[in-house]
There are 2 protein chains.
Amino acid sequence: MKRLTGTTQEIAKRLYEEQLELAKDNRDVEAVVRDILEAVKEGGDEALRAYSRQFDQIDVADLAVSQAVIDEAFKAIDPAVLGALERAKANIESYHRLQLEKGFEDQPSKGVIRGQLIRPIERVGVYVPGGTAAYPSSVLMNVIPAKIAGVKEIIMITPPQKEYVPAILVAAKLSGVDKIYQVGGAQGIAALAYGTQTIPKVDKITGPGNIYVATAKKLVFGQVGIDMVAGPSEIGVIADQSARPDYVAADLLSQAEHDVLARAILVTNSASLAEAVEGEIEHQLQLLPREAIARASIENNWRIILTDSVESMFELMNLVAPEHLEIAMDDAYDYLDKVENAGSIFLGHFTSEPIGDYYAGTNHVLPTTATSRFSSALGVHDFIKRIQYTQYDKAAILAAEQDITSLAYAEGLQAHAKAIEVRNDNN
Amino acid sequence: MKRLTGTTQEIAKRLYEEQLELAKDNRDVEAVVRDILEAVKEGGDEALRAYSRQFDQIDVADLAVSQAVIDEAFKAIDPAVLGALERAKANIESYHRLQLEKGFEDQPSKGVIRGQLIRPIERVGVYVPGGTAAYPSSVLMNVIPAKIAGVKEIIMITPPQKEYVPAILVAAKLSGVDKIYQVGGAQGIAALAYGTQTIPKVDKITGPGNIYVATAKKLVFGQVGIDMVAGPSEIGVIADQSARPDYVAADLLSQAEHDVLARAILVTNSASLAEAVEGEIEHQLQLLPREAIARASIENNWRIILTDSVESMFELMNLVAPEHLEIAMDDAYDYLDKVENAGSIFLGHFTSEPIGDYYAGTNHVLPTTATSRFSSALGVHDFIKRIQYTQYDKAAILAAEQDITSLAYAEGLQAHAKAIEVRNDNN
């Protein structure tokens, strides 16, 4: 776990460059993905079936996952997991309901009405990876905000599998997915973007995926909306001498097990804490089944920074703009005001980051690679549109005529001016 | 002006394909832009000056536009235009203030706090084109929402010019720009994205530009936020027999003068209105200084669709998802409920679309090419971040332990489970 020293600005710059490097993907998949998108646009369902034979080695008769398979999943699921999913769902719902926005209207002057409508996106597609990256918690996190926003139809796609993870199908039904199709990869994204005979075209696509899925999402963006293209997961921890080294180490490790590219940054004003955390990491690491992944992540991408004040811990962390931010201090809540950039904040010694991954109700789809400087956790706001409206009566437009035409003529747009003038009977 | 017939779905599909075609840009500028981005990243201010000599034929001594030049602009501006800008500014401010969001906090159970902070983006860059596309109204529309959101620093860049349009500089100062730099094109976007010795790196870039600017924005997206990449302007008009053909024609023409690619779609249930509008267009067109542009736009991209009911007019227009939507009906306000997709709506016979371009206070930076299906007008929401936070005390995490660890083990993420378990002294 590398220690960094220098001024706050120097360290921040270095951390940012390292983060960009981690997020970089050099594999040249764009050409391959373009071909797949084109083939699905032309070939529809038949192209999807051909790709499933080629990539998944499965012959998909019916693209829709049948009700029988879903019923089976409800029978097969561990009751403890089902109960946990139900309670997580309730928490995610109650949190996201707080994000619901209302439209507004005002009458700034006589004869003038202005307002903003809130409308849900009509149809949303959610991508759910197969294999070991199939996380039921991610299904809840993507689907529930869309449902609460009022999206009329939610389509889920997932790569065809001989046997589905029951919790994935159960999470889909619990959270309100309307239809599940078995198709993965770039071909699945193409199906959602363009529609096929069986799969309806959606207005927005969300959900994580591998580099082919991510590239396909980037390429269809504009024709459909997309959520974000996430980089490797990161956690930033601000800890002072009140922090428990074993807690901090355990939380850092929960990030490390995701991926060899996962990143953890510990900023502390306590040299003894830094040392104790390093000792704890080595100790706990040996007990982890995913030790190899975690060890690679730690050796390559973890950083410890010692600062001399609470002020500078926050200053640095705001420049880092981490996806997850833990504040491991006794009076953590009082420092909320100091946070300018982060995806999701975990306050105090007991709010371990996995609480947010699974349970508290906040979303776990978060901005990575310092993009929390300008973007936010997935939420209800990602599934609505704000539509402006205006109404002027005749007297109101005549009162505004001079100003509007002055500006239109100043910009050389005569037809804009004339559209106002034609409403004045005296012209 | 081409008439389209067919079922609503067929017409909508055809209109969408035509729109995509208009938005397509085949010029291969990406390689050129990549080189410019790289050169500015390496060369900083010197690279900017070299590009200004090459592209703008201007030797830029000081990258910042001086206070003396700005003072000059206030002296040179037409007082009528200044007054109009001030009143437009007041309207834009009062509308966008209605968009301000508040954070929230709840305590869903004992020992648990969840909330959402609203934080402004720290530093924003606004691109303002030079030459004939330099619109002071666009300066107001980009800067004011950022200012109201609480953005701390707003940087404007614009191509170096021998003489600046006074209204551009005045609009910048009126709306709260902190600093103006004279640099345009892809090199200007690079400066905002990476920073140079003189120009600070920003967190988000907004504002319109040519294909080089648009491509540069797409390429730096991820390292900075961007607003949107807009296609050609469009207007959709829903009109019944109560509409005045001369008003409708004038409004359609105000779009047509923008660009030969501009698009207008008239949907009406009145055959006589359709005919009368066509006659009016021909009549008014001959009076326009920008007749040639407007005529090309009309001949290539305008469409009239006759439907048999009010219901089907709205159904079709929701599929079109126009940037601007006029409802030219006596009782237009009553039909707001029927609108699902549009950037900005103009209600009734007197709310001519240019009112929104300049004056009413709603934003004129709007989603084009049917992207209003999933995105919205530029607004305060584009300049804030929503940061989640959570706090669990010890009793709360112990109460949740079983559920969280069930889910973590089900997903094969043992370190996630252990981060919870380490907080339980009985483990």
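This structure is a prediction, so every number in the text was calculated from the model and none was measured.

Basis of the calculations
Residues numbered from 1 in each chain as written. Chains lettered and ligands numbered in written order. Predicted model: local features only at pLDDT ≥ 70, side-chain atom pairs only at ≥ 80, totals over all residues. Heavy atoms only, no water. Helix = DSSP H or I, 4+ residues; strand = E, 2+ residues; numbered from the N terminus. Buried < 20%, exposed > 50% of the residue type's maximum accessible area, 1.4 Å probe, protein only. Areas by Shrake-Rupley, 256 points an atom, 1.4 Å probe, with all protein chains shown as cover. Patch = residues over 30% accessible without salt bridge, like charges linked within 9 Å, V, L, I, M, F, W, Y side chains within 5 Å. Salt bridge = Lys/Arg side-chain N within 4 Å of Asp/Glu carboxyl O. Lys, Arg positive; Asp, Glu negative; His and termini not counted. Charge placed at Lys NZ, Arg CZ, Asp CG, Glu CD. Contact = heavy atoms within 4.5 Å. Buried area = accessible area lost by both parts, 1.4 Å probe. Polar contact = N/O pair within 3.5 Å; in protein donor to acceptor, adjacent residues only side chain to side chain. Pairing = 2+ DSSP bridges. Domains from an automatic or database assignment. Axes fitted to C-alpha atoms, helices over the stretch in contact; angles between N-to-C directions. UniProt positions renumbered as here; feature names shortened; annotations may be inferred. Core = buried A, V, L, I, M, F, W, Y, C linked by side-chain atoms within 4.5 Å. Phe/Tyr/Trp six-rings, centres within 6.5 Å; stacked < 30°, edge-to-face > 60°. Lys NZ or Arg CZ within 6 Å of the ring centre and 35° of its normal. Least-squares fit on C-alpha atoms with pLDDT ≥ 70 in both. 1 Å grid on protein atoms, 1.4 Å probe; cavity = no way out; pocket = protein on both sides within 12 Å on 5 of 7 lines; lining within 4 Å. Points joined across faces, edges and corners; volume = space filled by probe spheres on them. Nonpolar A, V, L, I, M, F, W, Y, C, P; charged D, E, K, R; others polar.

## Some remarks on the overall build of chain A
- Summing up its helical and strand segments, chain A has 16 helices and 14 strands in all.
- In terms of its C-alpha atoms, chain A occupies a principal-axis envelope of roughly 85 × 60 × 40 Å.
- When each of the 427 residues of chain A is scored for burial, the buried share is 62%.
- Surface exposure of chain A reaches about 15700 Å², of which carbon and sulfur atoms provide 49%.

## Looking at a negative patch on the surface
Residue and element names in this part refer to chain A.
- On the surface, a cluster of negative charge is contributed by Asp 330, Asp 331, Asp 334 and Asp 337.
- On the secondary structure map, Asp 334 appears in the loop between strand E12 (324-328) and strand E13 (344-347).
- Here Asp 334 falls in the exposed class, since its relative accessible area comes to 58%.

## What about the side chain of Ser 270 of chain A?
Residue and element names in this part refer to chain A.
- Within the fold, Ser 270 resides in the loop between strand E10 (263-268) and helix H11 (271-285).
- By relative accessible area, which is 6% here, Ser 270 ends up buried.
- If near-sequence neighbours (up to four positions away) are discounted, Ser 270 is found in contact with Asp 240, Gln 241 and Leu 306.

## Comments concerning the interface of chain A and chain B
- Opposite the 113 residues of chain A that make contact, chain B presents 113 residues.
- Interface area, chain A with chain B, both sides summed: about 10200 Å², of which 56% is carbon and sulfur.
- The three residues of chain A that bury the most area against chain B are Tyr 358, Gln 388 and Arg 423 of chain A, which together make up 8% of that side's buried surface.
- Counting every contact that joins chain A to chain B gives eight salt bridges.
- Between Asp 203 of chain B and Arg 373 of chain A there is a salt bridge, and its shortest N-O distance comes to 2.8 Å.
- Connecting chain A to chain B are 69 residue pairs in polar contact (both at pLDDT 80 or more).
- Here the side of chain A that touches chain B gets ten residues from one element, more than from any other, and that element is helix H5 (residues 79-97) of chain A.
- Relative to strand E13 (residues 344-347) of chain B, strand E14 (residues 384-392) of chain A runs parallel, the two sharing three bridges. Along E13 of chain B, the bridge assignment pairs Thr 390 of chain A with Phe 346 of chain B.

## As for the domain arrangement of chain A
- Entries for chain A in the domain assignment read domain 1 (2-25 + 231-374), domain 2 (44-226) and domain 3 (393-421).
- Here the C-alpha centre of domain 3 of chain A lies 46 Å away from the C-alpha centre of domain 2 of chain A.

## What to know about the sheet that holds strand E10 (residues 263-268) of chain B
- If you walk across this open sheet you meet the nine strands as E2(A)-E3(A)-E14(A)-E13(B)-E12(B)-E9(B)-E10(B)-E11(B)-E1(B), and the pairing is mixed. Two strands in the sheet have a free side with no partner beyond their single neighbour: strand E2 (104-106) of chain A together with strand E1 (2-4) of chain B. Mean inter-strand twist for the sheet, computed between neighbouring axes without regard to direction, equals 20°.
- The pairing of E2 of chain A with strand E3 (residues 112-120) of chain A spans three bridges and is antiparallel. Residue pairing for E3 of chain A: Phe 104 of chain A is matched across the bridge by Gln 116 of chain A.
- This element, helix H1 (residues 8-23) of chain B, spans E1, strand E9 (234-239), E10 and strand E11 (303-306) of chain B of the sheet and lies at about 165° to E10 of chain B.

## Digging into the UniProt feature "active site" (unreviewed entry) in chain A
All names here are of chain A.
- With numbering matched to this structure, UniProt assigns "active site" (unreviewed entry) to Glu 323 and His 324.
- Within the secondary structure, Glu 323 sits in the loop between helix H13 (310-320) and E12.
- If we ignore the near neighbours within four places in the chain, the residues touching Glu 323 are Pro 232, Ser 233, Glu 234, Ala 342, Gly 343, Ser 344, Leu 366, Pro 367 and Thr 368.
- At 2.9 Å, the side chain of Glu 323 forms a polar contact with the backbone nitrogen of Glu 234.
- Turning to its location among the elements, His 324 is positioned in strand E12.
- You can call His 324 buried: its relative accessible area is 2%.

## Overview of the nonpolar core
- Core analysis: the biggest nonpolar cluster contains 60 residues, and Tyr 392 of chain A together with Leu 85, Val 139, Met 156 and Ile 180 of chain B have the highest contact counts within it.
- No other element matches the eight residues that helix H6 (residues 136-149) of chain B contributes to this core.
- Beyond its immediate sequence surroundings of up to four residues, Tyr 392 of chain A is in contact with Gly 111, Val 112, Ile 397 and Ala 400 of chain A together with Phe 350, Thr 351, Ile 355, Tyr 359 and Ala 360 of chain B.
- Leu 82, Val 124 and Val 170 of chain A together with Ala 408 of chain B belong to the second largest nonpolar core, which has 59 residues in total.

## Digging into the pattern of salt bridges
- Per the counting criterion, the structure on display carries 46 salt bridges over all chains.
- The shortest N-O distance in the salt bridge between Arg 87 of chain B and Asp 403 of chain A comes to 2.6 Å. Placement of the pair is Arg 87 of chain B in helix H5 (residues 79-97) and Asp 403 of chain A in helix H15 (residues 394-410), with the two residues belonging to separate chains.
- Within the structure, one salt-bridge network assembled from shared partners comprises Arg 14, Glu 18, Arg 263 and Arg 303 of chain A.

## As for the UniProt feature "binding site: Zn(2+)" (unreviewed entry) in chain A
- In this structure's numbering, the residues bearing the UniProt feature "binding site: Zn(2+)" (unreviewed entry) are Gln 255, His 258, Asp 357 and His 416 of chain A. In three dimensions, the annotated residues from a span of 162 residues occupy distinct locations, with a maximal C-alpha spread of 56.1 Å.
- Turning to its location among the elements, His 258 of chain A is positioned in the loop between helix H10 (245-256) and E10.
- The exposure class of His 258 of chain A is partly exposed, given its relative accessible area of 28%.
- Setting aside residues up to four positions removed in sequence, His 258 of chain A forms contacts with Tyr 135, Ser 233, Arg 290 and Ile 293 of chain A together with Leu 413 and His 416 of chain B.
- Assignment of secondary structure puts Asp 357 of chain A in helix H14 (residues 354-358).
- For Asp 357 of chain A, a relative accessible area of 9% gives the class buried.
- The contact partners of Asp 357 of chain A, leaving out residues within four places of it in the chain, are Ser 137, Met 141, His 324 and His 364 of chain A together with His 416 of chain B.

## Notes on the packing of aromatic side chains
Residues and elements named next belong to chain B.
- What the rule picks out here adds up to ten aromatic pairs over all chains.
- A ring pair is formed by Tyr 51 and Phe 55, whose centres lie 5.5 Å apart and whose planes are at 5°; its orientation type is stacked. One end of the pair is Tyr 51 and the other is Phe 55, both in helix H3 (residues 45-56) and four residues apart, which spans about a single turn.
- Judged by relative accessible area, which is 13%, Tyr 51 ranks as buried.
- Accessibility expressed as a relative area gives 41% for Phe 55, which makes it partly exposed.
- It is Lys 41 that lies over the ring of Tyr 194; its NZ or CZ is 4.8 Å from the centre.
- Positioned above the aromatic ring of Phe 383, the side-chain terminus of Lys 204 is 5.9 Å from the ring centre.

## Notes on the relation of the copies chain A and chain B
- For the pair chain A and chain B, the superposition axis carries a translation of 0.0 Å, the fit reaches an RMSD of 0.0 Å, and the rotation angle comes to 180°. Here the two chains are linked by the operation of a two-fold rotation axis.
- A shared interface surface links the copies, since 100% of the contact residues of chain A are contact residues in chain B too.

## Details of the layout of surface pockets
- Estimated volume of the second largest pocket: approximately 960 Å³.
- As for the second largest pocket, its lining consists of 30 residues, and the residues nearest its centre are Lys 201 of chain A together with Gln 9, Lys 13, Tyr 16 and Leu 319 of chain B.
- Tallying contributions element by element places H1 of chain B first for the lining of the second largest pocket, with six residues.
- Of the residues belonging to the lining of the second largest pocket, the class tally is eleven nonpolar, eight polar and eleven charged.

## Concerning the pairing of E11 of chain B
- Both E1 of chain B and E11 of chain B contribute to a ladder of three bridges, which runs parallel. Each bridged residue has a counterpart across the sheet, and for Lys 2 of chain B the counterpart in E11 of chain B is Arg 303 of chain B.

## Overview of the sheet that holds strand E8 (residues 225-226) of chain A
Residues and elements named next belong to chain A.
- The five strands are arranged E6-E5-E4-E7-E8 in an open sheet whose pairing can be described as parallel. Edge positions in the sheet fall to strand E6 (179-182) and E8, since each of these pairs with one other strand and no more.
- The strands touched by helix H8 (residues 185-194) are strand E4 (123-127), strand E5 (153-158) and strand E7 (204-206); relative to E5, the strand with the most contacts, the crossing angle is about 160°.

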